[in-house]
Amino acid sequence: MICAFFAEYAFVRKYAQKRGETMLLKEEQYLIKWLSQYGALPKAQITKMLQKPPQTAERIIKNLKKQMRAADVSGGYYVGLDSLCRPDQRTILAVWVLLKFIDYVDPMAHYPAVYPSQIFFLKENVGYEIVVLYEGEQSLLRLLQPQDDLKYIIVLPRISMAEKLKLPQVPCLFATVDFQGNEEPEVTFYSEEAVYGTEQFLSKRVRQGGKEGGEAVGPDPSGEGFLSGAPDADSI
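Because the structure is a prediction, the values reported are computed rather than measured. Residue positions are given per chain, counting from 1 as you read along its sequence in written order. Where local features are concerned, this predicted model is filtered to residues with pLDDT of at least 70; where side-chain atom pairs are given and counted, the filter is 80 or more; whole-chain, interface and lining totals use all residues. Side-chain descriptors were evaluated using all non-hydrogen atoms of the structure, hydrogens and water having been removed beforehand.

**Here we look at the overall build of the protein**
For the purposes of this entry, the term helix denotes a DSSP run of H or I that reaches at least four residues, the term strand denotes a run of E that reaches at least two, and both are numbered from the N terminus. Scanning the protein for helices and strands turns up seven helices and nine strands. Scored against the burial criterion, the 236 residues of the protein give a buried share of 48%. Should any heavy atoms of two residues lie within 4.5 Å, those residues are considered in contact. The long-range fraction of contacts in the protein, counting pairs at least 24 apart against all pairs at least 6 apart in sequence, stands at 53%. Surface accessibility in these figures is a Shrake-Rupley result with a 1.4 Å probe; residues are shielded only by whichever protein chains are displayed. About 12,300 Å² of surface is accessible on the protein, with carbon and sulfur atoms providing 51% of the total. A simple rule labels every residue: compare its accessible area, found with a 1.4 Å probe on the protein chains alone, to the largest value its type can have, and call it buried under 20%, exposed over 50%, or partly exposed in between.

**Overview of unusual backbone geometry**
At the junction of Tyr115 and Pro116, the peptide bond is cis and its omega measures out at 10° in the coordinates. Here Pro116 shows up in the loop between strand S4 (110-112) and strand S5 (119-123). With a phi angle near 65°, Met68 is a residue other than glycine that sits in the positive phi range. Tracing the backbone shows Met68 in the loop between helix H4 (54-66) and strand S2 (71-73). On the accessibility criterion, Met68 (71% relative accessible area) is exposed. Of note in the backbone geometry, Gln180 takes a positive phi value of approximately 50° without being a glycine. Judged by relative accessible area, which is 58%, Gln180 ranks as exposed.

**Considering the side chain of Thr47**
Looking at the element boundaries, Thr47 is found in helix H3 (residues 43-50). The contact partners of Thr47, leaving out residues within four places of it in the chain, are Lys52, Pro53, Pro54 and Ala57.

**Observations regarding the sheet that holds strand S3 (residues 78-80)**
Backbone-to-backbone hydrogen bonds pair the strands of a sheet. The strands run either parallel or antiparallel. An order of S1-S3-S2 is seen for the three strands of this open sheet, with the pairing classed as antiparallel. Among the strands making up the open sheet, the edge pair consists of strand S1 (41-42) and S2. In this structure, S2 lies alongside S3, joined through three bridges in antiparallel fashion. In the strand pairing of S3, Val73 is matched with Tyr78. When DSSP finds two or more bridges between two strands, those strands count as paired.

**Looking at the layout of surface pockets**
A pocket here means an open set of points on a 1 Å grid, computed over the protein atoms alone, that has protein on both sides within 12 Å along at least five of seven lines. A cavity is instead a set of points where a 1.4 Å probe fits but cannot get out; residues with an atom within 4 Å of a point line either one. Grid points are joined across faces, edges and corners, and a volume is the space filled by probe spheres set on the points. Computed from the structure, the second largest pocket encloses a volume of approximately 180 Å³. If you go around the second largest pocket, the residues you meet are Val114, Tyr115, Phe120, Gly127, Glu129, Leu143, Leu144, Gln145, Gln147, Asp149, Leu150 and Tyr152. Three categories are distinguished: nonpolar for Ala, Val, Leu, Ile, Met, Phe, Trp, Tyr, Cys and Pro, charged for Asp, Glu, Lys and Arg, and polar for the others, with Gly belonging to the last. In terms of residue class, the lining of the second largest pocket is made up of seven nonpolar, three polar and two charged.

**Considerations on the environment of Gly39**
Among the structural elements, Gly39 can be located in the loop between helix H2 (26-38) and S1. Spatially, the C-alpha atom of Gly39 lies 7.6 Å from that of Leu81, the residues being 42 residues apart in sequence.

**Observations regarding the packing of aromatic side chains**
Aromatic rings from Phe, Tyr and Trp, with only the six-membered ring used for Trp, were paired whenever their centres fell within 6.5 Å, and each pair was classed as stacked if the ring planes differed by under 30 degrees, edge-to-face if by over 60, and tilted otherwise. This model, assessed by the stated rule, comprises seven aromatic pairs. Aromatic pair Phe101 and Phe189: ring centres 5.3 Å apart, planes at 50°, arrangement tilted. Pair noted here: Phe101 is in the loop between helix H5 (89-98) and S4 and Phe189 is in strand S9 (residues 186-191), with a separation of 88 residues, a long-range link. Like Phe189, Phe101 is buried. Put simply, the rings of Phe101, Phe121, Tyr128 and Phe189 pair up and form one aromatic cluster. In our convention, an over-ring charge means Lys NZ or Arg CZ found within 6 Å of a ring centre and within 35 degrees of that ring's normal. Its end group placed over the ring of Tyr134, Arg90 keeps NZ or CZ at 4.0 Å from the ring centre.

**What about the environment of Gln67?**
In this structure, Gln67 sits in the loop between H4 and S2. Gln67 sits 43 residues away from Leu24 along the chain, and the two C-alpha atoms are 9.9 Å apart. Polar contact criterion, stated in full: a pair of N or O atoms within 3.5 Å, where within protein one must be able to donate a hydrogen and the other to accept it, and residues adjacent in sequence count only if both atoms are side-chain atoms. Only 3.0 Å separates the side chain of Gln67 from the side chain of Arg69, close enough to count as a polar contact.

Have a look at this one:
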């Protein structure tokens, strides 16, 4: 499969060169779009977003750098549109969460969201926003503009912080991102019911606005009950 990709890649490049053109492959177009949206990203994230083997992803990056369309940042750990691009760590955390569902999201169906959310993605005609909160930022949730067809994934530094949040009146899921010294972090999901307990969850939803809060999200740390078709617990 890798050999077939390289053969097609070489053919397209050779044809473009004969015509005096610089032709971008589909994956290259995707990568330029993502870097223009999110800023510099770690190479490890780019490889997973491209859904290609590491050597294939490296070749795509290398060709974009040769065309002066991308550049190494911070010694090559990140890749940006140019060497002056600076990574936004809040956005990078949101991308790690997005990657848990990347198999179910079209490459062109995710992009920056309206503050305080970081990323919006579309799956099966339902919109999801990823919101990354740091310590002491609980009040930022008041700035969200919930809609009936929108769900939130709230990323927290520690899950105990969820108890102090006043949630929007739409379905929400919590997530933590823990690197544990590794390049790729462990992303863990928590439902509202799992965090608050069934009784407290129902009471909290009534106090915060009643049935408009959406259906109760079951105790499913994988996120499967929240995102139809999401990976099961074993795969994340």
